[in-house]
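# Structural characterization, general
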Amino acid sequence: MMSRNLILGGVLTGVFAAAALISFVWTPASVETMNIAARLQLPGAGHLLGTDHFGRDILSMLMVGARTSIAVALVAVGIGMGLGVPLGLTAAARSGGFLDEAIMRMNDLIFAFPSLVIAILITAVFGPSATNAIIAIGIFNIPVFARITRGAALSLWKREFIMAARVAGKGRARISAEHILPNIANLLIVQGTIQFSLGILAEAGLSYVGLGAQPPTPSWGRMLADAQTMVSLAPHVALIPGLTIVAMVLGLNLLGDGLRDALDPRLKVARA
Amino acid sequence: MLRFVVKRLLSLALSLIVASGVIFLVVEVAPGDPASFMLGINAQPETVAALRAELGLDQSRLARYLQWTGGMLTGDFGTSYTYRTPVAQMIADRLWVSLPLALYALALSTLIAFPAGILAAARRGRPADIGVMGATQLGVAIPNFWFAMMLVLIFAIQLRWFSAGGFPGWDAGFFAALKALTLPAIALALPQAAILARIMRSSLLDILGEDFIRTARAKGLTARQALWRHGVRNALIPVLTIIGLQFAFLLAGAIIIEQVFFLPGLGRLIFQSITQRDLIVVESVVMLLVFAVIMVNFLVDLAYAAVDPRLRLRA
């Protein structure tokens with residue numbers, strides 16, 4: 001049975017993904033053309049969600065901004081998974097050994113750097129850009145995936161079917177890839193959704209303080225930064241992008257919860 | 001216990017050494033020479049060289065790393081390239097804003113999360129629980145800087161109860177300063193409160209399923225008495241860990257919120273230093289934040305081991 005969470009989360013996420021994709025071929029208005037005469041218009045017929053202080057169409061900017069947010073968060077999750085999962089698998093396969101210890105200590109170390117601090121450090125050195133935001137958020141994702149992979153894999157290594165595979169002569173790496181990984185895939189998908197939503201929030205925060213995507217690339221965080229001085233004149237300029245971020249993150253979180261229930265019905269009973 | 005403490009102390013020292021090494025190296029590879037940046041493009045090579053010598057930039061990397069870390073141990077964080085004042089003094093001034101802000105936010109987050117989490121667990125599956133869980137779902141989805149802007153819009157611009165930003169300083173009086181930190185603290189506390197309430201709820205639910213709660217009920221305690229006497233107390237252990245970790249993240253998270261409210265805290269300092277390429281300041285503030293996280297982790301581990309002897313053996 002599909003849960004309400006799964007449906008609502010899926011629909012919300014789908015809408016944003018679709019908006020981002022459509023923006024490649026069509027937006028209601030150009031996001032680069034300024035029209036000072038039409039600035040700070042309230043939502044209405046001409047501009048569905050109104051215009052900003054340069055007279056740009058807010059809906060169009062949100063659509064293109066979705067592209068930036070999704071791309072940054074998605075690649076950051078990819079980095080976290082791509083490096084974190086193999087590290088976690090290796091640590092579990094070599095449980096208790098030097099490699100395990102080294103990997104986990106390194107994880108603790110990365111954990112000690114809050115993602116924002118990593119971002120600041122990277123930007124201070126290489127300058128602000130979307131790429132550097134991706135790296136910062138991605139680095140922070142590595143220990144998250146490494147830990148969760150190691151934890152889940154460790155409990156699997158004690159199971160009989162793994163023992164059977166060892167008896168059959170398979171090596172640790174092959175067992176990890178062929179037996180462990182498929183069995184923890186659900187868990188990783190759910191965690192991936194959660195990290196994706198955290199990535200969206202982190203990207204918004206970084207571009208708000210000017211450490212993310214640079215002008216003229218529209219991004220949700222910078223729309224809010226621009227809106228800050230206008231907030232008393234035209235609250236909608238700040239309200240709409242903010243609600244957009246909330247809706248996207250909420251959608252992803254609901255999707256994650258829904259997926260967890262759908263992929264592992266046992267958890268549903270335990271958590272309810 | 002002693003063995004455990006020594007082991008954790010060694011690992012603490014190692015973490016700090018590696019962390020400082022990483023921070024130093026990352027900042028080292030930064031393109032651009034601080035001395036030429038400070039003097040501008042028209043500077044004479046001799047002037048630049050003299051300034052480099054004055055700032056100690058002509059020494060080897062290892063020497064500078066040792067000087068930096070050794071200095072920090074004695075409270076000397078070096079001299080700002082831009083302001084020519086001791087970095088330690090600059091940080092101390094800003095810490096008087098950032099630290100109270102983080103503590104204020106932590107207190108608020110705990111005050112909101114505890115009752116909410118306990119209520120949700122006690123009324124599991126009923127409207128109060130669903131309401132709290134719905135609110136936490138929303139709480140974790142709201143970007144705190146946007147929430148901050150909305151607070152300014154409502155409470156500063158519309159209602160005029162608070163100022164929209166700035167900080168009068170503690171000299172202006174305790175309550176005036178606290179008032180200026182109130183909206184930022186609320187903005188910072190909200191997402192943390194949502195997370196904490198969820199953890200409080202699930203931790204309490206775990207405990208309420210234990211045999212000793214059933215025994216307490218069988219002894220004749222009402223559900224409420226069992227919840228308060230046996231449930232909440234036991235549920236606090238994992239919750240306290242999270243509170244410890246949240247403090248460090250609140251300190252780092254304050255960086256963005258300070259930007260929204262124009263508060264002269266560590267966040268402002270770090271952004272100013274980045275634009276002015278005052279890397280020694282960036283380096284030291286980052287190290288301080290990382291130090292806070294590592295230290296809190298260490299203390300949480302110790303507290304845990306003091307409470308639960310099994311953990312000492314495992315280490």
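Residues numbered from 1 in each chain as written. Chains lettered and ligands numbered in written order. Predicted model: local features only at pLDDT ≥ 70, side-chain atom pairs only at ≥ 80, totals over all residues.

### Brief notes about the overall build of chain A
For chain A, the count of helices and strands is ten helices and zero strands. Across its three principal axes, chain A shows a C-alpha extent of roughly 75 × 50 × 35 Å. In chain A, buried positions account for 50% of the 272 residues. Nonlocal contacts in chain A, meaning residues at least 24 apart in sequence, comprise 71% of its contacts between residues at least 6 apart. (Helix = DSSP H or I, 4+ residues; strand = E, 2+ residues; numbered from the N terminus. Buried ≥ 20, exposed ≤ 12 C-beta atoms within 10 Å, placed from the backbone. Contact = placed C-beta atoms within 7 Å.)

### As for the overall build of chain B
Of regular secondary structure, chain B possesses 13 helices and zero strands. Along its sequence from the N terminus, chain B presents helices and strands in the succession α-α-α-α-α-α-α-α-α-α-α-α-α. Principal-axis analysis of the C-alpha atoms places the extent of chain B at approximately 85 × 60 × 35 Å. Within chain B, the fraction of its 315 residues that count as buried is 36%. Within chain B, contacts between residues separated by at least 24 positions form 70% of all contacts whose residues are at least 6 apart in sequence.

### A look at helix α9 (residues 211–218) of chain B
Burial runs low along α9 of chain B: only zero of the eight residues are buried. G220 of chain B sits one or two positions beyond α9 of chain B and adopts a positive phi of about 115°.

### Some words on the interface of chain B and chain A
Across the boundary between the two partners, chain B contributes 36 residues, which contact 29 residues of chain A. Residue assignment for the side of chain B that touches chain A shows that the elements contributing at least two residues are α1 (2–28), α6 (127–141), α7 (144–158), α10 (223–261), α11 (266–275) and α12 (279–307) of chain B. Element by element, the count of residues in the side of chain B that touches chain A is highest for α12 of chain B, at seven residues. Here the residues of the side of chain B that touches chain A are counted per class, giving 32 nonpolar, four polar and no charged. (Nonpolar A, V, L, I, M, F, W, Y, C, P; charged D, E, K, R; others polar.)

### Describing the packing of helix α4 (residues 115–126) of chain A against helix α5 (residues 130–157) of chain A
Residue and element names in this part refer to chain A. The interhelical angle for the contact between α4 and α5, taken along N-to-C directions, is 145°, at an axis separation of 9 Å. At the point where α4 passes α5, the crossing takes the right-handed sense. Only N132, A133, I135, A136, I137, I139 and F140 of α5 make contact with α4, whose side of the interface consists of S115, I118, A119, I122, T123 and F126. Of the residues that constitute the contact of α4 with α5, the class distribution is ten nonpolar, three polar and no charged. (Axes fitted to C-alpha atoms, helices over the stretch in contact; angles between N-to-C directions. Left-handed = near helix turned anticlockwise from the far one by under 90°.)

### Focus on the domain arrangement of chain B
Residues and elements named next belong to chain B. Split by domain assignment, chain B resolves into domain 1 (2–73) and domain 2 (91–314). Placing a centre on the C-alpha atoms of domain 1 and another on those of domain 2 gives a separation of 33 Å. Contacts between the two partners involve 16 residues from domain 1, matched on the other side by 14 residues from domain 2. Elements represented by at least two residues in the side of domain 1 that touches domain 2 include exactly α1 and α2 (34–39). No other element matches the eleven residues that α1 contributes to the side of domain 1 that touches domain 2. (Domains from an automatic or database assignment.)

### With respect to helix α1 (residues 4–25) of chain A
All names here are of chain A. The first and last C-alpha atoms of α1 sit 32 Å apart over 22 residues, in line with the 32 Å expected at 1.5 Å per residue. Looking only at α1, the buried set comprises G9, T13, F16, A19 and S23. The buried residues of α1 occupy one face: seen down the axis, they fall within an arc of 110°. Facing away from the buried surface of α1 by more than 90 degrees, the exposed residues are R4, V11, G14, A18, F24 and V25. As for α1, its buried residues are in contact with α2 (58–93) and α9 (236–263). (Expected span 1.5 Å × (residues − 1). Arc of directions from axis to C-beta.)

### Quick notes on the confidence of the model for chain A
The predicted model of chain A has a mean per-residue pLDDT of 85, with 96% of residues at 70 or higher. Across chain A, α2 of chain A holds the top mean pLDDT of 92, while helix α10 (residues 265–271) of chain A sits lowest at 52. (pLDDT = per-residue confidence, 0-100.)

### Things to note about unusual backbone geometry
A cis amide bond links P215 of chain A to the next residue, P216 of chain A, at an omega of 5°. Here P216 of chain A shows up in the loop between α7 (172–208) and α8 (220–227). Positive phi, close to 60°, is recorded for R84 of chain B, a residue that is not glycine. Turning to its location among the elements, R84 of chain B is positioned in the loop between α4 (61–73) and α5 (87–122). Given 10 C-beta atoms within 10 Å, R84 of chain B falls into the exposed group. Residue F262 of chain B is not a glycine yet carries a positive backbone phi of 55°. Residue classification places F262 of chain B among the partly exposed residues on the basis of 13 C-beta atoms within 10 Å.

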